[in-house]
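A closer look at the structure
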Amino acid sequence: MSAKAANTENQTGFLARIKRYFRDMRGELKKVVWPDKKQVLNNTGIVILVLIISAAIICGFDFVISWLVSLFFMGA
């Protein structure tokens, strides 16, 4: 087998693997159960609520720690 024939066979195998990958990916995406609009809006609301609560907690900690640090350096 010549080097050119081996190279052509290797490229064909490579292209076949790429085609198989995309065919398999498409098949898997058909199996996905996509959420409906109501579920997406509900989950989005929950994420935004948790984000706001987390931001408030971090802001509170930041305020308290800044206050304690300012008391420490003002008292020194």
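Up top is the structure these notes are about.
Presented here is an overview of the structure given in this document. Counting restarts for each chain, with residues numbered from 1 along the sequence as it is written. Where totals are concerned, whole chains, interfaces and linings use all residues; where local detail is concerned, this predicted model gives features only for residues with pLDDT of at least 70, and gives and counts side-chain atom pairs only at 80 or more. Note that water and hydrogens are dropped before the side-chain values are worked out from all heavy atoms of the structure.

**Regarding the overall build of the protein chain**
Numbering goes from the N terminus for both helices and strands, where a helix is a DSSP run of H or I of at least four residues and a strand is a run of E of at least two. Secondary structure summary: the protein chain contains two helices and zero strands in total. Partly exposed residues are those whose accessible area sits between 20% and 50% of the maximum for their type, while under 20% is buried and over 50% is exposed, using a 1.4 Å probe and protein chains only. The buried share of the protein chain, reckoned over its 76 residues, is 0%.

**Some words on the packing of aromatic side chains**
Classification of ring pairs rests on two measures: the distance between centres of Phe, Tyr or Trp rings, Trp counted by its six-membered ring, which must be within 6.5 Å, and the angle between planes, read as stacked under 30 degrees, edge-to-face over 60 and tilted in between. Considering all chains together, one arrives at two aromatic pairs under this definition. Relative to phenylalanine 22, the ring of tyrosine 21 has its centre 5.3 Å away and its plane inclined at 75°; by these criteria the two rings are edge-to-face. Judged by centre distance (5.3 Å) and plane angle (75°), the rings of phenylalanine 72 and phenylalanine 73 are edge-to-face. Accessibility expressed as a relative area gives 58% for phenylalanine 72, which makes it exposed. Under the relative-accessibility criterion, phenylalanine 73 is labelled exposed at 57%.

**So, the pattern of salt bridges**
Think of a salt bridge as a Lys or Arg side-chain nitrogen and an Asp or Glu carboxyl oxygen that are within 4 Å of each other. If you walk through the whole model with that rule in mind, you get one salt bridge. With its nearest N and O atoms 3.3 Å apart, the salt bridge here joins lysine 31 to glutamate 28. Remark: glutamate 28 and lysine 31 occur in helix H1 (residues 3–31); sequence separation between them is three residues, near one turn of the helix.

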